[in-house]
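Close look at the chain arrangement
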Amino acid sequence: MIAIVSDLHSNLEAVEAVMDHCLKLGVKEFLCLGDVIGYGPDPLAVTRIAQKTFNVSLMGNHEEALVTGKHRFNPLAARAIDWTRSVLAGTTGPDAAIPWFKERTPFVLKGNLLLVHGSIYDPVHDYVDEPENPVEAQQMIETLSRDFSGFDICFAGHNHTPFLATTLGIMVPHDGHRTFRVPKGHKAYVCVGSVGQPRDRDNRASFATLDGDHLTFHRLKYDFQRTQDKIISAGLSRFLAERLEQGM
Ligand SMILES: [Fe+2]
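First things first, this report covers the structure right here in the doc. Worth saying up front: this structure is predicted, and the values here are computed from it rather than measured. (Residues numbered from 1 in each chain as written. Predicted model: local features only at pLDDT ≥ 70, side-chain atom pairs only at ≥ 80, totals over all residues.)

**Let's talk about the overall build of the protein**
- The helix and strand tally for the protein stands at eight helices and twelve strands.
- In terms of overall dimensions, the protein has a C-alpha envelope of 50 × 35 × 35 Å along the principal axes.
- Relative to its 248 residues, the protein shows a buried fraction of 44%.
- By sequence separation, contacts in the protein at least 24 residues apart represent 73% of the contacts at least 6 residues apart. (Helix = DSSP H or I, 4+ residues; strand = E, 2+ residues; numbered from the N terminus. Buried ≥ 20, exposed ≤ 12 C-beta atoms within 10 Å, placed from the backbone. Contact = placed C-beta atoms within 7 Å.)

**Here we look at the sheet that holds strand E4 (residues 107–110)**
- Strands sit in the order E4-E5-E6-E10-E7-E8 across an open sheet of six strands; the sheet is mixed. Each edge of the sheet is formed by a strand with only one pairing partner; in this case those strands are E4 and strand E8 (169–171). Each strand of the sheet is rotated relative to its neighbour by a mean of 15 degrees, with strand direction disregarded. (Pairing = 2+ DSSP bridges. Axes fitted to C-alpha atoms, helices over the stretch in contact; angles between N-to-C directions.)

**Remarks on the pairing of strand E6 (residues 153–156)**
- A two-sided burial pattern is seen for E6, the buried positions comprising Ile-153 and Phe-155 on one face and Cys-154 and Ala-156 on the other.
- The pairing of strand E5 (residues 113–116) with E6 spans three bridges and is classified as parallel. Across the sheet, the residue bridging to Leu-115 is Phe-155, located in E6.
- Pairing between E6 and strand E10 (residues 188–192): four bridges, direction parallel. The partner of Ala-156 across the bridge, within E10, is Cys-191.

**Considerations on helix H2 (residues 43–53)**
- Every buried residue belonging to H2 is among Pro-43, Val-46, Thr-47, Ile-49 and Ala-50, and all of these are buried. Each buried residue of H2 sits inside an arc of 155 degrees when the element is viewed along its axis, so together they form one side. Exposed residues pointing more than 90 degrees away from the buried face of H2 are listed as Ala-45 and Lys-52.
- Close packing links the buried residues of H2 with helix H1 (12–25), strand E2 (29–32), strand E3 (56–57), helix H4 (75–88) and helix H5 (97–102). (Arc of directions from axis to C-beta.)

**A word on the packing of H2 against H4**
- Where H2 contacts H4, the two axes come as close as 9 Å, and the packing angle between them is 70 degrees. Comparing their axes, H4 and H2 come out roughly perpendicular. Packed against H2, whose contacting residues are Pro-43, Leu-44 and Thr-47, the element H4 presents Thr-84, Val-87 and Leu-88 at the interface.
- Its residues assigned to classes, the contact of H2 with H4 comprises four nonpolar, two polar and no charged. (Parallel < 35°, antiparallel > 145°, perpendicular 65-115°, else oblique. Nonpolar A, V, L, I, M, F, W, Y, C, P; charged D, E, K, R; others polar.)

**Some thoughts on unusual backbone geometry**
- Even without glycine at this site, Ser-10 takes up a positive phi of about 55 degrees.
- If you trace the backbone, Ser-10 turns up in the loop between strand E1 (2–5) and H1.
- For Ser-10, a count of 31 C-beta atoms within 10 Å gives the class buried.
- Its identity as a non-glycine residue notwithstanding, Arg-201 has a phi of 60 degrees, on the positive side.
- Classification of Arg-201 as exposed rests on a count of 9 C-beta atoms within 10 Å.

**Comments concerning the packing of H1 against H2**
- One can describe the packing of H1 onto H2 by two numbers: an axis separation of 9 Å at closest approach and a directional angle of 30 degrees. Taken together, the axis directions place H1 and H2 in an arrangement best described as roughly parallel. Where H1 abuts H2, its residues Leu-12, Val-15 and Met-19 lie against Ala-45, Val-46 and Ile-49.
- Along the lines of polarity and charge, the residues of the contact of H1 with H2 split into six nonpolar, no polar and no charged.

Everything listed here is a matter of geometry and, on its own, says nothing about what the molecule does.
And the structure:
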């Protein structure tokens, strides 16, 4: 079983809850779609987990901002990434965090799976928008049929919202129905949601597992109040703390 995680955003409590649960599930491999850091209060601890445990860890837009200093972030995200850089700059030696993030790549092709942070068109910055009406859904299906070549399933993060788009239709997971089979030969976008800052009005950590052709979306409660306290103590924005509770 493979776990696909994304957008951890320096949220240690959410990451630990997910890792513990994955160990119980028997997960053998962790694929991370980027944004390990940014926004949250524990960049170093979460980076260490990524370095030690993840088989793949992609370059997200927050990693890019961390290592280049270039971004189009709002002031809150910008302040958080500058603070993150100041914390991680203190690490040296073979596990030094910033050089490690510089080596991350924006996409990985793994068998019939393409892993990106953003989308197939721009793996770092573009968003896979959740199709909200039949016309958008049809456009998404056309994208899958037209542009998914050389791979069958693209796993994406960045939009912090879990859903599955296949040539058969769009599915949004919820508690009653969260395991799907992706039939062989069909194309699919799998947006795995965010571990550390969900934005679909559900404050539980979001990730996905793939076991053969069975794809399962998971949601896990974690101690977000502890993360909120740490955000405030670090002098980061109160809004970044509040949105963890609201899941948006
Ligand atoms: Fe992102």
